[in-house]
Amino acid sequence: MKYENQELLDHLAVEYILGTLKGAARKRFQKLLISSSNTRKTLWLWEQYLNPLAESLPETEPGTAVWHGIQKRLGWLDDTVVAFTPRKPKLPWFIAAAASFLLLVILYLPQTTAPAFQEVAVIQNAEAKAWWLINKTGDALQVKALDAITPKQDNDYELWMLPTDGSPPISLGLLPQTSQKNLQIPAAASNITIAALAVSLEPKGGSPLTIPSGEVLFVAEIITL
Amino acid sequence: MEQSQQQLLQWLYATSQGNKEAFANLYKATSGKLFSVCIQLLRRNDWAEDVLQDAYVKIWHNAGEYHADKGNVMTWMISITRYRALDLLKSRRVKLEQTDSEAQINDQASAEALTGEQLGLVREKVKLDDCMSVLSEDHRISIQLAYFNGLSHQEITEHTGTALGSVKSWIRRGLVQLKRCLES
């Protein structure tokens, strides 16, 4: 059989790696890869020979949307967060996303000329009981935990801002389960328009990833007043 | 950021066990390189991002199938990425749509031909560099155009202004020579 000719196999493997093996010949080679261990080994050998060429390329950082997209496709993210469209008053995914909870965030935007710049968000559950009260001054967030919170000893609640441009959520820190806490909007995110806030349930210490790793409990559009 | 093979192997192994954090680390360490591979072949940012996503989804699912016979971790990941990019090139007939960036391709292709040696300065010297440099310029450029840019024999012909038969034999003879050098 002609495929027993190692020189021919080498040639086919290389053309396959380069992408210059096309059409029926490429398909025949793919079939051969399944049936012949020597063909597979030949291909792997040439991959080891040639791929250092690619390792020599300088790095190009992909956009953050790529990592976000990968996680979405692997089912690690709540689709509702990814598909979030803040301008719509009614969002079909909302009920599914919120599961048994409902979040209401009310933001009071101050006049830019006002001497005291203040925004307030109230996060409530389905029974309209407030869990957190968030007072925003500039990039500083003063978060007050209220009595209605269901305490979690083995988890943390993490607060996220969802940018209007659809880019991945940005962590604003862990929410207190009692008392109050000061959080800070990251400097890099201070100019990003917030479409909404989200609260996720995370392992102690917060999400190990740069986006929510646990269940997103609350998502809502922001009502601008 | 250059990562040691051992570190990549640990992350890949943990990935095969379902460890998301390890996969995130693997992505962080390798995506810059793989994205360059995509960009070089596809010339379009959106397609390059699609392919990169496909590649990492496949890496996540197939991490357990990796073994040392397939080369080091980076080699294996580059292969996954390249084959996906080549599939996309074929299915979307990207070459027909590239006419507007033909000049750019030529520029970059020339640049690559020139930077073959220079690239060796910014990374660990591998045997491949030495062996590539032994090849004649025609052989080397033909291989680089096919490998980096995904150009077909015909397109290489147009780029280099030589006959189709010559290009095919350049690649063939160049690779025979390359193999002999790599195995010596």
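Note: the structure precedes this text.
The structure reproduced in this document is the subject of the present report.

What counts as what
- Residues numbered from 1 in each chain as written.
- Chains lettered and ligands numbered in written order.
- Predicted model: local features only at pLDDT ≥ 70, side-chain atom pairs only at ≥ 80, totals over all residues.
- Heavy atoms only, no water.
- Contact = heavy atoms within 4.5 Å.
- Buried area = accessible area lost by both parts, 1.4 Å probe.
- Salt bridge = Lys/Arg side-chain N within 4 Å of Asp/Glu carboxyl O.
- Polar contact = N/O pair within 3.5 Å; in protein donor to acceptor, adjacent residues only side chain to side chain.
- Helix = DSSP H or I, 4+ residues; strand = E, 2+ residues; numbered from the N terminus.
- Nonpolar A, V, L, I, M, F, W, Y, C, P; charged D, E, K, R; others polar.
- Buried < 20%, exposed > 50% of the residue type's maximum accessible area, 1.4 Å probe, protein only.
- Axes fitted to C-alpha atoms, helices over the stretch in contact; angles between N-to-C directions.
- Parallel < 35°, antiparallel > 145°, perpendicular 65-115°, else oblique.
- Core = buried A, V, L, I, M, F, W, Y, C linked by side-chain atoms within 4.5 Å.
- Pairing = 2+ DSSP bridges.
- 1 Å grid on protein atoms, 1.4 Å probe; cavity = no way out; pocket = protein on both sides within 12 Å on 5 of 7 lines; lining within 4 Å.
- Points joined across faces, edges and corners; volume = space filled by probe spheres on them.
- Phe/Tyr/Trp six-rings, centres within 6.5 Å; stacked < 30°, edge-to-face > 60°.
- Lys NZ or Arg CZ within 6 Å of the ring centre and 35° of its normal.

### A few points about the interface of chain B and chain A
Each side of the interface is counted separately: chain B has 56 residues, and chain A has 42 residues. Taking both sides of the interface into account, the surface hidden between chain B and chain A amounts to around 4,800 Å²; carbon and sulfur atoms contribute 65%. Three residues, Q53, Y83 and Y147 of chain B, lead the burial of chain B against chain A; their summed loss comes to 13% of the area buried on that side. Between D54 of chain B and R73 of chain A there is a salt bridge; the shortest N-O distance is 2.6 Å. Where chain B meets chain A, there are 14 residue pairs in polar contact (both at pLDDT 80 or more). Secondary structure elements with two or more residues in the side of chain B that touches chain A: α2 (20–42), α3 (45–62), α4 (73–91), α6 (127–134), α7 (137–149) and α9 (164–183) of chain B. Top contributing element to the side of chain B that touches chain A by residue count: α2 of chain B, with 12 residues. Split by residue class, the side of chain B that touches chain A holds 28 nonpolar, 14 polar and 14 charged.

### What about unusual backbone geometry?
In the Ramachandran plot, S179 of chain A falls in the positive-phi region, its phi being about 60 degrees despite a non-glycine side chain. Relative accessible area serves as the criterion here: at 53%, S179 of chain A is assigned to the exposed category. The phi dihedral of R43 of chain B is positive, around 65 degrees, even though this residue is not glycine. In this structure, R43 of chain B sits in the loop between α2 and α3.

### Let's talk about the pattern of salt bridges
Using the criterion set out here, one finds five salt bridges over all chains in the structure. Residue K204 of chain A is joined to D156 of chain A by a salt bridge in which the shortest nitrogen-to-oxygen separation is 3.7 Å. One end of the pair, K204 of chain A, is in the loop between β8 (194–203) and β9 (216–224); the other, D156 of chain A, is in strand β5 (residues 155–163), and 48 residues separate them in sequence. Overall, the relative accessible area of 11% leaves D156 of chain A in the buried class. Via salt bridges that share partners, R73 of chain A together with D54 and R84 of chain B belong to a single interconnected network.

### What to know about the packing of helix α3 (residues 37–50) of chain A against α4 of chain B
Direction vectors running N to C along α3 of chain A and α4 of chain B enclose 100 degrees, while the axes themselves pass 10 Å from each other. One element, α3 of chain A, and the other, α4 of chain B, form an angle in the roughly perpendicular class. Facing L43, E47 and Q48 of chain A of α3 of chain A, the residues of α4 of chain B in contact are T75, S79 and Y83 of chain B. Residues that form the contact of α3 of chain A with α4 of chain B fall into these classes: two nonpolar, three polar and one charged.

### Examining the nonpolar core
With 80 residues, the main nonpolar core has L42 and I59 of chain B as its most contacted residues. Broken down by element, the residue count for this core peaks at 12 residues, all from α2 of chain B. Counting 23 residues, the second largest nonpolar core, distinct from the first, contains W131, L141, I170 and A189 of chain A.

### A word on the sheet that holds strand β3 (residues 130–137) of chain A
Two modes of strand pairing occur in sheets, parallel and antiparallel, and in both the strands are linked by backbone hydrogen bonds. Residues and elements named next belong to chain A. An order of β2-β3-β4-β7 is seen for the four strands of this open sheet, with the pairing classed as antiparallel. Either end of the sheet is taken by a strand with one partner, and the two such strands are β2 (119–124) and β7 (180–184). Here the average twist between neighbouring strands, direction ignored, is 20 degrees. The sheet contact formed by strand β4 (residues 140–145) and β7 spans five bridges and is antiparallel. The residue of β7 that forms the bridge with V143 is K181.

### What to know about the layout of surface pockets
Empty space within the largest pocket amounts to approximately 580 Å³. Lining the largest pocket are 21 residues, and of these Y16, L43 and E47 of chain A together with K58 and Y83 of chain B lie nearest its centre. Counting residues per element, the ones that place at least two in the lining of the largest pocket are α2 (23–35) and α3 of chain A together with α3 and α4 of chain B. No other element matches the six residues that α4 of chain B contributes to the lining of the largest pocket. A breakdown of the residues in the lining of the largest pocket according to their chemical character gives nine nonpolar, three polar and nine charged.

### Describing the environment of A130 of chain A
Here A130 of chain A is to be found in strand β3. When neighbours within four sequence positions are excluded, A130 of chain A is seen to be in contact with V122, I123, Q124, L146 and A148 of chain A.

### Section: the packing of aromatic side chains
In the structure shown here, the tally under the stated rule is 16 aromatic pairs over all chains. Each residue in the set W67 and W76 of chain A together with F23, Y27, Y56 and W60 of chain B is aromatic and connected to the rest through ring pairs, giving one cluster. If you follow R44 of chain B out to its NZ or CZ, it ends over the ring of W47 of chain B, 4.0 Å from the centre. The positively charged end of R82 of chain B is found above the aromatic ring belonging to Y147 of chain B, 3.8 Å away from the centroid.

### Let's talk about empty space enclosed by the protein
Tallying each qualifying case throughout the model produces four cavities of 30 Å³ or more. For the largest cavity, the calculated volume is near 100 Å³. Every residue lining the largest cavity is counted, 10 residues in all, and those nearest its centre are G19, K22 and R26 of chain A together with L86 and K90 of chain B. Looking at which element gives the most residues to the lining of the largest cavity, the answer is α4 of chain B, with four residues. Across the lining of the largest cavity, the residue classes break down as three nonpolar, two polar and five charged.

Everything listed is a geometric property; what it means functionally is a separate question.
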